[in-house]
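# Remarks on the overall topology
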Amino acid sequence: MKKKLAVLLSGRGSNFEAIARAVREGKIDAEIAVVISNRPDARGLERAREMGIPSLCVPSRGVTREEYDEKLIEELRRHNPDLICLAGFMRLLSPAFIAAFRGRILNIHPSLLPAFPGLDAQRQAFDHGVRFTGCTVHFVDEGLDSGPIVMQAAVPVRDDDTVETLAERILEAEHATYPRAIALVLSGAYRIEGRRVVHRK
Ligand code: GRF
């Protein structure tokens, strides 16, 4: 049976589109079972609708984190995903959520973790003056951008970069890296040793 992905997003959804492209091109051997957004106006939600991919909004306004995550768990269980891909999902997930899907949640972050976790990572890296930054795909645990690292791609910072041009190149790296990391995790060709995700050849 085809493996199932769930994608959670809050906005633009360009990583979701990169994942959908990789699925279409057979680079990810799975189907996107559902796209869920906490924001009704997320562009990614609209793109999912245009592509005919099942999508829905679980609005986060006015509910506690626990209530929200309970609802999210319920919706996700309905679709029974093998892997949940956070793609610009701007919410911290509760320990109950992590426990419900332990080892089956991935996130992409626009820096070389553990440098520059949290919001506005591209600007943090730019302002710090690093010569290299990039993106990281990692398993999600209870911490902030802290789970075991599946894949990273480095992006050099150019002298004539602005935060915007740098963010653009990081985003290109994200679109190439996230589908590859998802394919690897779905294939099961890795093992986790402590914090290290060791890829099997
Ligand atoms: C990306 O930079 C991703 O790394 C971060 O949020 C952004 C989402 O962009 N977690 P998009 O919605 O996929 O275009």
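## Some thoughts on the domain arrangement of the chain
By the assigned domains, the chain splits into domain 1 (1-101) and domain 2 (108-201). Once you take the C-alpha centre of each, domain 1 and domain 2 turn out to be 20 Å apart. Listed as interface residues are 21 residues of domain 1 and, on the opposing side, 15 residues of domain 2. Taken together, both faces of the contact between domain 1 and domain 2 bury some 1,500 Å²; the carbon and sulfur share is 74%. The largest share of the area that domain 1 buries against domain 2 comes from Asn15, Leu83 and Ile98, three residues that together contribute 31% of it. Connecting domain 1 to domain 2 are 0 salt bridges. The tally of links from domain 1 across to domain 2 stands at 4 residue pairs in polar contact (both at pLDDT 80 or more). Elements that contribute at least two residues to the side of domain 1 that touches domain 2 include exactly strand 1 (3-9), helix 1 (14-24), strand 4 (83-86) and helix 4 (95-100). For the side of domain 1 that touches domain 2, the element with the most residues is helix 1, which contributes 5 residues. Tallied by class, the residues present in the side of domain 1 that touches domain 2 amount to 14 nonpolar, 2 polar and 5 charged.

## So, the packing of aromatic side chains
Inspection of every chain in the model, using the stated rule, returns 2 aromatic pairs. When the centroid spacing of 5.2 Å and the interplanar angle of 55° are considered together, the rings of Phe97 and Phe101 count as tilted. Take Phe97 and Phe101: they sit in the same class, and that class is buried. Note that Arg77 overlies the ring of Phe101, its terminal NZ or CZ placed 5.9 Å from the centroid. Cation over ring: Arg91 sits above Tyr68, and NZ or CZ is 4.1 Å from the ring centre.

Each value, and the rule that gives it
- Residues numbered from 1 in each chain as written.
- Predicted model: local features only at pLDDT ≥ 70, side-chain atom pairs only at ≥ 80, totals over all residues.
- Heavy atoms only, no water.
- Domains from an automatic or database assignment.
- Contact = heavy atoms within 4.5 Å.
- Buried area = accessible area lost by both parts, 1.4 Å probe.
- Salt bridge = Lys/Arg side-chain N within 4 Å of Asp/Glu carboxyl O.
- Polar contact = N/O pair within 3.5 Å; in protein donor to acceptor, adjacent residues only side chain to side chain.
- Helix = DSSP H or I, 4+ residues; strand = E, 2+ residues; numbered from the N terminus.
- Nonpolar A, V, L, I, M, F, W, Y, C, P; charged D, E, K, R; others polar.
- Phe/Tyr/Trp six-rings, centres within 6.5 Å; stacked < 30°, edge-to-face > 60°.
- Buried < 20%, exposed > 50% of the residue type's maximum accessible area, 1.4 Å probe, protein only.
- Lys NZ or Arg CZ within 6 Å of the ring centre and 35° of its normal.

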